[in-house]
Number of protein chains: 4
Amino acid sequence: MGTIGLAVIGAGYWGPNLVRNAQATPGLRLQYLCDLDAGRARKVLGEYSTVAVSDSLDEVLADPAVDAVAIATPAATHLPVAMKALEAGKHVLVEKPLAATYDEGRLLVEAADKRGLTLMLDHTYCYTPVVEHLRTLVRGGGIGSVQYLDSVRINLGLVQPDVDVLWDLAPHDLSIFLSILPDGVRPIAVAAHGSDPIGAGRACVAHLTIELTGGAMAHVHVNWLSPTKVRTMIIGGSSRTVVWDDLNPAQRLAIYDRGVDRKDATEIGEQTRAQTMVSYRTGDMVAPALPEKEALRAVMAEFRDSITQSRPPLTDGRSGLRVLSILEAASASLAKGGVFLPIRSVETSTEGVNA
Amino acid sequence: MGTIGLAVIGAGYWGPNLVRNAQATPGLRLQYLCDLDAGRARKVLGEYSTVAVSDSLDEVLADPAVDAVAIATPAATHLPVAMKALEAGKHVLVEKPLAATYDEGRLLVEAADKRGLTLMLDHTYCYTPVVEHLRTLVRGGGIGSVQYLDSVRINLGLVQPDVDVLWDLAPHDLSIFLSILPDGVRPIAVAAHGSDPIGAGRACVAHLTIELTGGAMAHVHVNWLSPTKVRTMIIGGSSRTVVWDDLNPAQRLAIYDRGVDRKDATEIGEQTRAQTMVSYRTGDMVAPALPEKEALRAVMAEFRDSITQSRPPLTDGRSGLRVLSILEAASASLAKGGVFLPIRSVETSTEGVNA
Amino acid sequence: MGTIGLAVIGAGYWGPNLVRNAQATPGLRLQYLCDLDAGRARKVLGEYSTVAVSDSLDEVLADPAVDAVAIATPAATHLPVAMKALEAGKHVLVEKPLAATYDEGRLLVEAADKRGLTLMLDHTYCYTPVVEHLRTLVRGGGIGSVQYLDSVRINLGLVQPDVDVLWDLAPHDLSIFLSILPDGVRPIAVAAHGSDPIGAGRACVAHLTIELTGGAMAHVHVNWLSPTKVRTMIIGGSSRTVVWDDLNPAQRLAIYDRGVDRKDATEIGEQTRAQTMVSYRTGDMVAPALPEKEALRAVMAEFRDSITQSRPPLTDGRSGLRVLSILEAASASLAKGGVFLPIRSVETSTEGVNA
Amino acid sequence: MGTIGLAVIGAGYWGPNLVRNAQATPGLRLQYLCDLDAGRARKVLGEYSTVAVSDSLDEVLADPAVDAVAIATPAATHLPVAMKALEAGKHVLVEKPLAATYDEGRLLVEAADKRGLTLMLDHTYCYTPVVEHLRTLVRGGGIGSVQYLDSVRINLGLVQPDVDVLWDLAPHDLSIFLSILPDGVRPIAVAAHGSDPIGAGRACVAHLTIELTGGAMAHVHVNWLSPTKVRTMIIGGSSRTVVWDDLNPAQRLAIYDRGVDRKDATEIGEQTRAQTMVSYRTGDMVAPALPEKEALRAVMAEFRDSITQSRPPLTDGRSGLRVLSILEAASASLAKGGVFLPIRSVETSTEGVNA
C-alpha cells in the first residue's frame, strides 16, 4: 500500500489536533474532514486548505480514496460510526474510550478482527516519550517488581454533559498503567468512590483503587474542581521508584534509587521488631534526557505502520476493551458504595489483524 | 497559679522537641526529663543542663514541684502513664494518638473531667500559622461551603514497629480536618484501602475516604514508601479553594478565586445539558503573608494557658477521641475490604475543665 | 482598506510562526511565503496549502495584491529587504533587531516616515498577557516608583553564527523594559561584560548593567550555555515588587506587597543607625489571573490595526531604534572592558504614520 | 590536648548558633558566653544552662580554662578582639569577614602565624554537604574545565547599618568559589556595579563580575530588596554543568551532562560558520544523594581538629584574606563606576600552624 487516504470524522475539541498531525505525517493523505456541521469543519481547516469538507459520513466512506478514518466524535456514537467504517472496509483510529460500553467495544473488536482491519485506540499518552521510557524501564525490570502505582490528574476541567469525571479522565491513567505494567501484572478488582459537590448530576471528584495480580495496589485520583493542575504518577518498585511530573517539562521523569527493603530473617538474627526488619536506601536520582516530540504525531505514525505492516498497533482494540472493563467495574462499584468488584479479563489477540 | 512545674516523659523521637520548647516557654518550669533509660534522657539534655533526669515515673509524679506532664512515649503506654499522672493530680499533654484505642482514650477523658484537670493532645499541626489561618478562613465562611478535602502525606518514612501507616500519619490530617471544618460538618463514615507491598506486616500505603455531613468527601493518602515527600492539602469551597503546600515555605497557602459554579435552571432557560448548567470562575490567587513560628511553642503556650485559665485547650481530650473514632473505623474498614463504616460521634464537653 | 494582502519573507526558524498566525488573523490574507530556497518554503506550507511560494522578492513586491510584508530573514539583510519593501510602498513588520546597526535602522525609520507606511517591530514578548499586565501596572503607578529591574534569560541556546548572545537574546529584555517603564524613566548608560568560554568567537555569556534616569539600575543576564532554562524578571518598586517567572504557566506573575521602606528622620527621632532608618513590609502576594493567548496572534492584529487605522503600532520603528541604541552602546562597552557608555536617545515620533 | 575550653564572644545574631553547636560538639567544652550586654548573653543561654556569662573579654581571656574563642561581634571589632585573644594565646574562630580591611586581616594572620595558633574563618557554607560534594567534583575534574560561575543571593534582607550588600552577602559566594575552584584557577580582577534605590546610604543591590585566570568569568548578584528569596549557583564546565538550588532541599544539586562543545576544524572540514563549529550534548541529569547535616557542626569539628592536630583548618586566615582582597577591589571598582580592578594575590601558607 502506498499513501493511505484518511478522513477525520468530528471537528470538535480533538478533531483539529488529528487534522494537524495527519497533515504532517508522511504516508498519510488527509482527504476529508467530516462533521455534521460543515461550517465547523470548514473553520477548523481555515481558508488556505485544499482538504475537502463533508457533512456526510456515507459520502466519505463511499470514496475509494479513503482507506482509513480517525474518529473524534462523542463516545456514544463510536459504535455506529466505527462500525459503519469497518463495514465499509476502512481501518479505524478512535478516540478514547473505545465505545460507551464494554459490549459495544467488543462488537467493534470482533468486526475489525473478522475483516482483518486495524482498529486502534488514540491513547495519546502511551505515545509520549515519557511513557515510552517507562514502558521499557518497568517492563524491562528496571525498577524491580512493581509495588504500587499512584496517579493524580486534577485541574479545573470542563464538566462533561454525558460522562462523569471517571470516564472523562481516568482512561488516560488506565491506558498508561496497562501500557507499562509487565506481562502477568493485571488489574483484577476495583473500588471507586466519588462525589458531586456542585450538584452537576455526576461525579466531579473520584478515587479509584485497583488490586493488581501479585498484591500491588494502584490508585487514581481524578478531579474536575481543583483550581491547580496536577499531573503526577508515582510507580513504586522494589529496586527503584519513578516519579513523573508531567507539568515539569524540564524534568518530567525522576528515577530514584531510594526505598524501603525488607531484610530476611536470617539477616536480623533474633531481632523481631519491624523497624529492624527493614532497611532504607537513599541513593541518587537520575532524570533521563527525553526527546521533545508531539505524541499525536507518533499515534499517526503507528496507525499508518500498523496498516501497512498488517500488524496490531500498540494500542489495539483490546487495549480499549481493557480500559472499558475497568471503567465499567468502577462505575458499578461507585453505585454500590465503593465495594471491590472484579474486572473482566480480556484475552490477548493471538493473531495479527489483517492476517 | 504562678509558674507551672513540668516533667517530660519519654526521651525518644519527640521528647527532645518537647524539652526544647518547654524550656523556651515563659510560665513553664521544666523540672524533669523522665525515661526508663536515664542515659538516653541525660544525652538529650546534654552536659550543660540543670534539668533533673529520672528513670522513675513514680518519683516524678510524687514531686509536688511537678504540676503537669508532657507524655511522648509509645501509644500503647499512653493509658497507664497518663492515667497515673491524672490520678496524681497532674495536668497532661499527650502525643497523638491519645491512646491505643477509643475505649482507652475515653477512660482518660473521663478521668481528666472528673478531676478537673487539663487533658490536651499535642496535635502540633493545629498550632501552625497555616492551620490557624485556615481555621479562621474556612470556619468563617471565607471559602463558601466546603465541597471536598484532599490531603496527601507521603515520603520515605520510618516503617513503624507497632502501628500501620494509617495510625502513624493520618492523625495529622484528621486533626487538621477537625480543627478547620465549620460546626455542623462532621465525618460520618469512612472507607479505607491499604497495601503492604514490602511485606512489612502492616499497611505501608493507605487511602481513606471520609463522608462528611452535607455530602462532601474528604480523602487522605498516606504512604511510607514514596521517594519524594509530598505534604499537600486542598480544601475546595463553593466560593474559593485553598491549596496548602507545606513544603513551599515561601508560599504555603494559595487561595484561589477559581472554581465551578452551578447555575440555577432559571438562568439557563431551556438549556438542559450539563455543560450549560455550570460556569467557571478563573480569578486571582492570593498567598497570604504568614508569620514563621514554631508550632510546638504555641502548643506549650496553649497547655500553660488552659491550665492557668481553667479552660479546655483547643485540642482537648475529645479532639483526641474524635481522631481515634475515625482511625478505629478506618482500621475496621481496611479489615473488611474497604466498605464504608460509620464513625462514632463524640459529644462536645459542655463545661470547662477544672470547673 | 479591506483585507490586507501579506507576504512572509523568510521560511527559516521564525517564518513558520508568522505563516501560521497570519493565516489565523481575520483581516489578513496571506498571499506568499517567499524564501530564496523555494523548497524550504514549500515544506513549511505543507502539501495542503493554497498559499503561493516564491523565491523572488521582486516578484512578491511587484504583486499589487501584496499590501504588507513580514520579514523573518537574518538581521544583516533587514536593511535591503525592508527598504525594498518600503520603496515598493509596502507596510513592513520586521523581526528583532530592526537592523544590523543603529544607522541602518535609522534609514528604515526615515523611509517609512517619509512614505507614511507602517514600520513595526515583532517584539513578540510585548504582546504577551504578562507584559500587557505589567505595562498597565508599572506605568500606572501600581508598584510605586521603579527601584530596580533584573532579568535572567539563560538556557542551552543555539550559538548563533553572526551575532553574540547579547544581540541574540537581550533584545527581548530591552524591548520589555522599554515597553513597561513609565514615561520619563529612560536608559542613559550601559556597561557590558561578557565571556566566550567555549571559544565560539563571540560572547556566549553576558551581563548588562543599565543606568536609568532617576538612579535606578537594570540588569540583564543572558547565557547560551546554561543546562537549565531560566526566564525570570523582577521589577522592584517603592510600594510593590513584581516577579515574573515565564516558565511557570500556572503563576507567571506574582505581585508582592513586600519591601524595604526608608523612614523620614522625623519618624526616628535621635536614632541614626541605618537599621532604624528602614522598615520592612511583608504583606500578601497576589497572582493575577491572566488569559492564555498566543502573543504572535496579537502582533498580527496590531500590525493589521496600525495599517487600517493609520497609527503607529505599539512597537514602532523607534522602539526598534531604542533597542539598537542600547545594544550598540553595550557592544562598545564590551570591547572597552566594561566601562559605562552613554545611550543615544531616540525622540518619540510626533506625528502618526500614514499622516 | 584533651577537651578544648571555648568561649563564645558576642551574643547577637550569630552567637546563639555558635553556642548551640559548640555545646553539641564532643571535644569542646563551652566555658563562657561573653557579651558587653550580660543580660543578652544570659537570655541566649536560657534559665537551664550551666555555662558562665561574662561581660568582660579580659576576664574570659585570663581564664586558663579557655583555650579558644569563637568571635561573633561586628566586623569592625574583629581586629581588636581577635588580636587580644591571639596575644593571650587563644586559638580563634572568627565570623566572616575576617576583618574590616585587608590590612587588618593581614595583621591577624601574621599574629596567628607567629604564635602557631589556629586562626579559622567561619565560612559556614564551605562545610555544607553541597559544597563538600562540589569541591570534590570540581577540583577532581568531574565537570571538565570551569567555564563560568554564576551566583544569585537575593532576598528581603536586613539593611545593615555598617556595611553594604556586597560586604554583607558576597563573602558567602566568594568563599564558596575559592573553596571549590581547582588549584591554578584564581580571581584576578573584579568589576562591581551597585545601586541604592531606597536611599539607605549604601548599595542595596550589587553585581560583581570576576575574571579568573584562564579566561572564565564569575558573576555574583546580591540584593537586599527582593521579595522572593533566590539562592542559586551555576558552575559551568566543559564536560558537565552543576546547578545548585539551595532552597530545594529535596534536590539541592543537579549535575547535567548537557552543554555546548566546540569542534575541531578538522572535524568540520570546509565549514566555517559558527553554528557548525559547535555541537550540543543533552544527556541525563543526576541529583546526588547528600546527607542532611548542620554545617556549623562541621565548622566546630574542624576548629577542634585543626587545634588538636596542629594543622591549618580548611578555611584558614588566608582564605579570609582572599575574600577581603576581592571585596576591597570590588568596593574600589564600585567607587570608580565599575571598571575592572586587579585583585591582590594571597600566597598559600607553606608551613603548618602551631609548627
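How each quantity is defined
- Residues numbered from 1 in each chain as written.
- Chains lettered and ligands numbered in written order.
- Predicted model: local features only at pLDDT ≥ 70, side-chain atom pairs only at ≥ 80, totals over all residues.
- Heavy atoms only, no water.
- UniProt positions renumbered as here; feature names shortened; annotations may be inferred.
- Helix = DSSP H or I, 4+ residues; strand = E, 2+ residues; numbered from the N terminus.
- Pairing = 2+ DSSP bridges.
- Axes fitted to C-alpha atoms, helices over the stretch in contact; angles between N-to-C directions.
- Contact = heavy atoms within 4.5 Å.
- Least-squares fit on C-alpha atoms with pLDDT ≥ 70 in both.
- Buried area = accessible area lost by both parts, 1.4 Å probe.
- Salt bridge = Lys/Arg side-chain N within 4 Å of Asp/Glu carboxyl O.
- Phe/Tyr/Trp six-rings, centres within 6.5 Å; stacked < 30°, edge-to-face > 60°.
- Lys NZ or Arg CZ within 6 Å of the ring centre and 35° of its normal.
- Domains from an automatic or database assignment.
- Polar contact = N/O pair within 3.5 Å; in protein donor to acceptor, adjacent residues only side chain to side chain.
- Buried < 20%, exposed > 50% of the residue type's maximum accessible area, 1.4 Å probe, protein only.
- Parallel < 35°, antiparallel > 145°, perpendicular 65-115°, else oblique.
- Left-handed = near helix turned anticlockwise from the far one by under 90°.
- Nonpolar A, V, L, I, M, F, W, Y, C, P; charged D, E, K, R; others polar.

Looking at an unreviewed UniProt entry, chain A carries the name Putative dehydrogenase, with the source organism given as Actinokineospora cianjurensis.

Attention now moves to the UniProt feature "domain: Gfo/Idh/MocA-like oxidoreductase N-terminal" (unreviewed entry) in chain A. As annotated in UniProt, the feature "domain: Gfo/Idh/MocA-like oxidoreductase N-terminal" (unreviewed entry) corresponds to residues 5-123 of chain A in the numbering used here. A distance of 22 Å separates the end C-alpha atoms of residues 5-123 of chain A, which is 39% helix and 24% strand.

All names here are of chain B. On the basis of which strands lie adjacent, the open sheet formed by 6 strands has the order β3-β2-β1-β4-β5-β6 and parallel pairing. The outermost strands of the open sheet, each flanked by one partner alone, are β3 (52-54) and β6 (119-122). Pairwise comparison of adjacent strand axes, ignoring direction, gives a mean angle of 25° for this sheet. Two strands pair when backbone bridges link them, and strand β2 (residues 28-34) and β3 are joined in this way by 3 bridges, in the parallel orientation. Paired with Y32 across the two strands is A52, which belongs to β3. Along the sheet, helix α4 (residues 78-87) contacts β1 (4-9), β4 (68-71) and β5 (91-95); its crossing angle with β5, the most-contacted strand, is approximately 165°.

Our next topic: the relation of the copies chain D and chain C. Mapping chain D onto chain C is achieved by rotating through 180° and translating by 0.0 Å along the same axis, at an RMSD of 0.0 Å. Here the symmetry operator amounts to a two-fold rotation axis. Across chain D, the smallest distance between a C-alpha and the rotation axis is recorded for V339 of chain D, namely 2.9 Å. The residues that chain D uses at the interface reappear at the interface of chain C in 100% of cases, marking a shared surface.

Turning our eyes to something else, we now look at the interface of chain C and chain B. Reports often express the size of an interface as the amount of accessible area lost when the parts come together. Each side of the interface is counted separately: chain C has 9 residues, and chain B has 9 residues. Summed over both sides, the interface between chain C and chain B buries roughly 760 Å², with carbon and sulfur atoms accounting for 44% of that surface. Among the residues of chain C in contact with chain B, D284, M285 and A289 of chain C are the three that bury the most area, contributing 48% of the side total. Where chain C packs against chain B, one counts 0 salt bridges.

Quick look at the packing of aromatic side chains now. Per the stated rule, a full pass over the model turns up 8 aromatic pairs over all chains. Aromatic pair Y13 of chain C and W14 of chain C: ring centres 6.2 Å apart, planes at 40°, arrangement tilted. The ring of Y125 of chain B is capped by R153 of chain B, whose NZ or CZ atom sits 4.7 Å from the centre of that ring.

This paragraph deals with the relation of the copies chain C and chain B. It takes a turn of 180° to lay chain C on chain B, together with a shift of 0.0 Å along the axis; the resulting RMSD is 0.0 Å. Of the interface residues in chain C, 100% have counterparts in chain B that sit at the interface too, so the contact is made through matching surfaces.

Moving on, we get to the domain arrangement of chain A. Residues and elements named next belong to chain A. On domain assignment, one finds that chain A holds domain 1 (4-122 + 295-314) and domain 2 (126-286). Here the C-alpha centre of domain 2 lies 31 Å away from the C-alpha centre of domain 1. Three residues, K96, A295 and L314, lead the burial of domain 1 against domain 2; their summed loss comes to 54% of the area buried on that side. Linking domain 1 with domain 2 are 0 salt bridges. With 4 residues, the single largest contributor to the side of domain 1 that touches domain 2 is helix α10 (residues 295-308).

Turning our eyes to something else, we now look at the interface of chain D and chain C. The interface is formed by 51 residues belonging to chain D together with 51 residues belonging to chain C. Contact between chain D and chain C buries roughly 4,100 Å² in total, counting both sides, with carbon and sulfur atoms accounting for 69%. Linking chain D to chain C there are 0 salt bridges. Between the two partners, chain D and chain C, sit 10 residue pairs in polar contact (both at pLDDT 80 or more).

Oppositely charged side chains can pair when the atoms bearing their charge come close. For the coordinates displayed, the defined rule picks out 72 salt bridges over all chains. One salt bridge connects E132 of chain B with K293 of chain B, and the closest N-O pair in it is separated by 3.5 Å. Of this pair, E132 of chain B sits in helix α6 (residues 129-139) while K293 of chain B sits in the loop between β14 (278-287) and α10 (295-308), and the two are 161 residues apart along the sequence. Residue E132 of chain B is classed as partly exposed on the basis of its relative accessible area of 28%. Residue K293 of chain B is classed as partly exposed on the basis of its relative accessible area, which comes to 40%. The residue D261 of chain C makes a salt bridge to R281 of chain C at a minimum N-O spacing of 2.9 Å. Residue D261 of chain C is located in strand β13 (residues 253-262), and its partner R281 of chain C is located in strand β14 (residues 278-287); the two are separated by 20 residues in the primary sequence. Salt bridges linked by common partners bring R20, E294 and R297 of chain A together as one network.

A few words now on the packing of helix α7 (residues 165-180) of chain A against helix α11 (residues 317-335) of chain A. Residues and elements named next belong to chain A. Viewed as axis vectors pointing N to C, α7 and α11 meet at an angle of 130°, and their least axial separation amounts to 10 Å. Taken as axis vectors, α7 and α11 run oblique relative to one another. Remark: the crossing between α7 and α11 carries right-handed chirality. Residues L166, W167, A170, P171, L174, S175 and L178 of α7 form the contact with α11, whose participating residues are S319, R322, V323, L324, I326, L327, E328, A330, S331 and L334. Grouping the constituent residues of the contact of α7 with α11 by class yields 12 nonpolar, 3 polar and 2 charged.

Residue and element names in this part refer to chain A. One open sheet accounts for 6 strands, arranged β3-β2-β1-β4-β5-β6; its pairing is parallel. The open sheet has two edge strands with one neighbour each: β3 (52-54) and β6 (119-122). Geometrically, the sheet is characterised by an average inter-axis angle of 25° between neighbouring strands, direction not taken into account. As paired strands, strand β1 (residues 4-9) and strand β4 (residues 68-71) are joined by 4 bridges and run parallel to one another. Pairing of V8 across the sheet is with A70, part of β4.

A separate point is the side chain of N21 of chain C. All names here are of chain C. Within the secondary structure, N21 is located in helix α1 (residues 15-23). Residue classification places N21 among the buried residues on the basis of a relative accessible area of 0%. A distance of 3.0 Å separates a polar atom in the side chain of N21 from the backbone oxygen of N17.

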